[in-house]
Amino acid sequence: MLSVDLLSNALVAGVLIGGFYAAVSIGLAITFGQLDIVNIAHPAFVVVGSYIAWILNSRLGWDPVLVGILAAPVFYFVGVLIYRVYYLAFERTGQESLSGLAFFFGVMFIVEVSLVLVYGVDYRLVSAAYLEKNFNLGFVGLPLRLVVPFLVASVMTAAVWLYLSRTFTGRAILAVAQDRLALQLMGADPVRVKQFAFGLAIATTSVAGSLLIMIGPVEPSLGRAYIGRAFAIVVLGGMGSIPGMVIAALLIGVVESFVSTFAGPSWAPAVSFGVLLLTLAVRPSGLFGRS
Amino acid sequence: MIKRRSFMRASLASGVIAIALVSGSLVSTAAQAAKPIKIGFSMALTGGLAGAGKAALIAMEIWRDDINKKGGLLGRPVELVYYDDATNPATVPGIYTKLLDVDKVDLVVSSYGTNEIAPAMPIVMRKKLVFPSLFGLAVNDEFNYDRYFQIMPAGPEPKLDWSRGYFQLAKEQTPRPKTVAIIAADAEFALNAAAGARANAKALGFDVVYDKTFPPSTTDYTPIVRAIQAANPDIVYVATYPPQSVGMVKAAHEVGLKVKMFGGCMVGLQFAAIQQNLGPLLDNIVNYHFWVPAPTLDFPGINEFLKKYEEAAKGKGVDPLGQYLPPYAYAYMQVLGDSVEATKGLNQAKLAAYMHSHTFDTVVGKVKFAKNGEWAKTRVLQVQFRNVKPNDLEQFRDPGTQVVLYPPQWKSGKMAYPYSE
């Protein structure tokens, strides 16, 4: 059963889906990895992004990726608002660990039920001419349904990482989790920095959501299927490391693809999480996390 | 000697008592007559199966309204008491316990789907209740409950009957396919379907060259389809839920799957939104269904029901055509309602005996149950999509786009073979 074309296609498929996983996880890498906020509602916002893409695609014929990008500023402001509530209710009084977690569980359920009430429960899909096209590079298949999300995810991830690593605000975000007091002494308001970062994280869900609905149908509770995966990717990559998260996402994607192809798809989650556990056993801070 | 005054007092008292007794019984009868008959159930109104569950609920509400317009059951209005099980089997036992112990419903019916029906079984069995059920595959195989009645027309041997038609069709083709790949989601319904497929493949002389399952949370199906292609099967039997069905169909197209038959047990390919989106990708897929607008399936009342459904479904974010689950949701209420009227009461033993011994006229045709509560004769249709136009919902209202190939008595056209050259 081992053949070059099967191996190559499994690798390429794994990389393509890994890129999409990175798009879903990058916001969580910021909130959970860098701000220590356990935003369990993150995948629910990705689903909201999918629904926005569906509405404008089905009613006005707009491209889903375009919708994701245009809606990102709105998602940013929603993220800012949610952080303000979280900060005032929990973080300011030091109750963020358990109460904050419960808060985001509540946000997740409110988002899901709101989607059900507004859009109903039927499966939603988008249409775009390129989604049904495939290209072949020799014996390697490249379906645009997966290539486009990979490319968009790569651009978004690169842009976010460059911003975080090259700008003052970006580095302030990286710094706020490490040493809040030091950041204050340098003239940055940690609360405003975290607020901005949270807004940025939620903004990424707009784009991730548009990619999700390009890959497959969406219904309001679909986000739950990504909670475990997204958190695993962030932890595997190393808390606070965006490049680590990307590597982890690609690794998970490739592992899933190889296991599905050669061993049996039912083993894929076990092997993926096995890789996570093994990595943490050897390197507890994750692949690129700080010790 | 009785004094006249005493006699008159006694007579007056007797009269008052008599009037009170008669009035009381009249009031009681009237109160009883006005007291609704409560039918309780859980239904997937959120979660993965909510698309179909909510559509089923609309159909059940249409039945309730139709019955109440005719005066209800036993002269009493019908009331539906239901809770959302969120497509989560763990919620079902609690819901049915509440329905029976707190809400004190008179009758129960099931939620939608194998995974949601099975958890309710121990509770209804303990209370010895009649349990009309909505689309569970082989649920009663383990319980052997004699008051279970399944409206899905799987047949007396549901696991086998479900896929028998698919393999029978394959066997009749030229060149005769020899090998089969079976792929199923890791969920009870799909695993049951795959088990039946395995048995049918063996019985009809096919070699199984690929037989695997995958987790329902799988995002990309191209590695799975490539692995199937590498096994070089002649036919592929797929057992999946809606998002997985879409993933498999798209992956088959992207990989360029070259097989003689593809399809089988893909839930979701019966749903309007998915049919419209997949369009030509559906061509030549042979898949199960229970009702399509074919001339051979024009049952009394079905078109009237579908018109009511389409009107009721507007703006509710559910399947606009309602061809899959809603007719059967209406039918299982018809079975229950007709039984209550025929037995003139709510006695569960009498209802069960009636359901076992009679044939029902419903919007999905004549329904007769076997001893195990499944249909006495299978009517799992094998339907092939043909010449599907892109992004066109209307084509699915008319015959021709979905051709019935099996069973022979419901056949409406010939099979296009192979699936792909």
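In this text the structure is predicted, and so the values were computed from the model without any measurement.

**Focus on the overall build of chain B**
So, point 1. In terms of regular secondary structure, chain B is built from 14 helices and 14 strands.
So, point 2. Viewed in the frame of its principal axes, chain B has a C-alpha envelope of about 110 × 40 × 35 Å.
So, point 3. A buried classification covers 54% of the 421 residues belonging to chain B.
So, point 4. Contacts spanning at least 24 positions in sequence make up 72% of the contacts within chain B whose residues lie at least 6 apart.

**A few points about the overall build of chain A**
So, point 1. Per the secondary structure count, chain A includes 11 helices and two strands.
So, point 2. Element order for chain A, N to C, with α for helix and β for strand: α-α-α-α-β-β-α-α-α-α-α-α-α.
So, point 3. Here the C-alpha atoms of chain A give a radius of gyration of 19 Å, agreeing with the 19 Å that 2.2 N^0.38 yields for 291 residues.
So, point 4. With the C-alpha coordinates of chain A rotated into their principal frame, the extents come out at 60 × 50 × 35 Å.

**Brief notes about the domain arrangement of chain B**
So, point 1. Domain boundaries assigned for chain B yield domain 1 (35-153 + 299-368) and domain 2 (158-289 + 386-410).
So, point 2. Among the residues forming the side of domain 1 of chain B that touches domain 2 of chain B, the class breakdown is five nonpolar, six polar and one charged.

**Focus on the sheet that holds strand E8 (residues 235-240) of chain B**
Residues and elements named next belong to chain B.
So, point 1. Taken together, seven strands build an open sheet; the order of strands is E7-E6-E8-E9-E10-E13-E14 and the sheet is mixed. At either end of the open sheet lies a strand with only one pairing partner, and these are strand E7 (207-214) and strand E14 (402-406). Each adjacent strand pair in this sheet contributes to an overall mean axis angle of 25 degrees, direction not counted.
So, point 2. Taken together, the six bridges between E8 and strand E9 (residues 261-266) define a ladder with parallel strand orientation. When the sheet's bridge partners are listed, Ala 239 is paired in E9 with Cys 265.
So, point 3. The strands that helix H7 (residues 158-171) touches are E8, E9, strand E10 (286-289), strand E13 (381-385) and E14; relative to E9, the one it contacts most, it runs at about 170 degrees.

**Observations concerning the interface of chain A and chain B**
So, point 1. The interface is formed by 35 residues belonging to chain A together with 37 residues belonging to chain B.
So, point 2. With five residues, the single largest contributor to the side of chain A that touches chain B is helix H1 (residues 4-34) of chain A.

**Section: helix H8 (residues 188-203) of chain B**
All names here are of chain B.
So, point 1. With 16 residues, H8 should reach 22 Å at 1.5 Å per residue; the first-to-last C-alpha distance of 23 Å fits that figure.
So, point 2. Taken residue by residue, H8 has Phe 189, Ala 190, Asn 192, Ala 193, Ala 194, Gly 196, Ala 197, Asn 200 and Ala 201 as its buried positions.
So, point 3. In this structure, the buried residues of H8 make contact with helix H4 (114-117), H7, strand E6 (179-185), E7, E8 and E9.

**Points about unusual backbone geometry**
Residues and elements named next belong to chain B.
So, point 1. With an omega of 5 degrees, the peptide bond between Tyr 406 and Pro 407 qualifies as cis.
So, point 2. Within the secondary structure, Pro 407 sits in the segment after E14.
So, point 3. Omega for the peptide link from Tyr 417 to Pro 418 comes to 0 degrees, which places this bond in the cis form.
So, point 4. Phi is positive for Lys 104, close to 55 degrees, though the residue is something other than glycine.
So, point 5. Looking at where Lys 104 falls in the secondary structure, it is placed in the loop between helix H3 (92-101) and strand E3 (107-108).

**With respect to the pairing of strand E1 (residues 134-137) of chain A**
Looking along a regular strand, one sees the side chains alternate between the two faces of the sheet.
Residues and elements named next belong to chain A.
So, point 1. In this sheet, strand E2 (residues 140-143) lies alongside E1 in antiparallel orientation, the contact comprising four bridges. Each bridged residue has a counterpart across the sheet, and for Phe 135 the counterpart in E2 is Leu 142.
So, point 2. With antiparallel pairing between neighbouring strands as the criterion, E1 and E2 make up a hairpin whose turn holds two residues, including Gly 138 at a positive phi of roughly 70 degrees.

**Some words on the nonpolar core**
Residue and element names in this part refer to chain B.
So, point 1. Within the largest apolar cluster, 240 residues are counted, with the highest numbers of intra-cluster contacts made by Ala 56 and Tyr 328.
So, point 2. When residues are assigned to domains, this core turns out to be shared by domain 1 (35-153 + 299-368) and domain 2 (158-289 + 386-410), each giving three or more.
So, point 3. Residues within four places of Tyr 328 in sequence aside, it is in contact with Leu 134, Phe 135, Ile 151, Met 152, Phe 290 and Val 364.

**Topic: the pairing of E8 of chain B**
So, point 1. Buried residues dominate E8 of chain B, accounting for six of its six residues.
So, point 2. Between the parallel elements E8 of chain B and E9 of chain B, the chain passes through helix H10 (residues 242-255) of chain B in a crossover that is right-handed.

**Some words on the sheet that holds strand E2 (residues 78-84) of chain B**
All names here are of chain B.
So, point 1. Read from one edge of the open sheet, three strands run E2-E1-E3, paired in parallel fashion. Every interior strand has two partners, whereas the edge strands, E2 and E3, have only one.
So, point 2. Relative to E2, strand E1 (residues 37-43) is paired through seven bridges, and the arrangement is parallel. Counterpart to Lys 38 in the pairing with E2 is Glu 79.
So, point 3. Its contacts with the sheet put H3 on E1, E2 and E3, and the angle it makes with E1 is roughly 170 degrees.

**A word on the environment of Pro 43 of chain A**
Residue and element names in this part refer to chain A.
So, point 1. Take Pro 43: it is sitting in helix H2 (residues 42-60).
So, point 2. Accessibility expressed as a C-beta count within 10 Å gives 29 for Pro 43, which makes it buried.
So, point 3. With 113 residues separating them in the primary sequence, Pro 43 and Met 156 have C-alpha atoms 17 Å apart.
So, point 4. Dropping the residues within four chain positions of it, Pro 43 is found in contact with Val 24, Gly 223, Tyr 226, Ile 227 and Ala 230.

What counts and how
Residues numbered from 1 in each chain as written. Chains lettered and ligands numbered in written order. Predicted model: local features only at pLDDT ≥ 70, side-chain atom pairs only at ≥ 80, totals over all residues. Helix = DSSP H or I, 4+ residues; strand = E, 2+ residues; numbered from the N terminus. Buried ≥ 20, exposed ≤ 12 C-beta atoms within 10 Å, placed from the backbone. Contact = placed C-beta atoms within 7 Å. Rg over C-alpha atoms; globule rule 2.2 N^0.38 Å. Domains from an automatic or database assignment. Nonpolar A, V, L, I, M, F, W, Y, C, P; charged D, E, K, R; others polar. Pairing = 2+ DSSP bridges. Axes fitted to C-alpha atoms, helices over the stretch in contact; angles between N-to-C directions. Expected span 1.5 Å × (residues − 1). Core = buried A, V, L, I, M, F, W, Y, C linked by C-beta atoms within 7 Å. Right-handed = clockwise from strand over helix to strand, strands pointing away.

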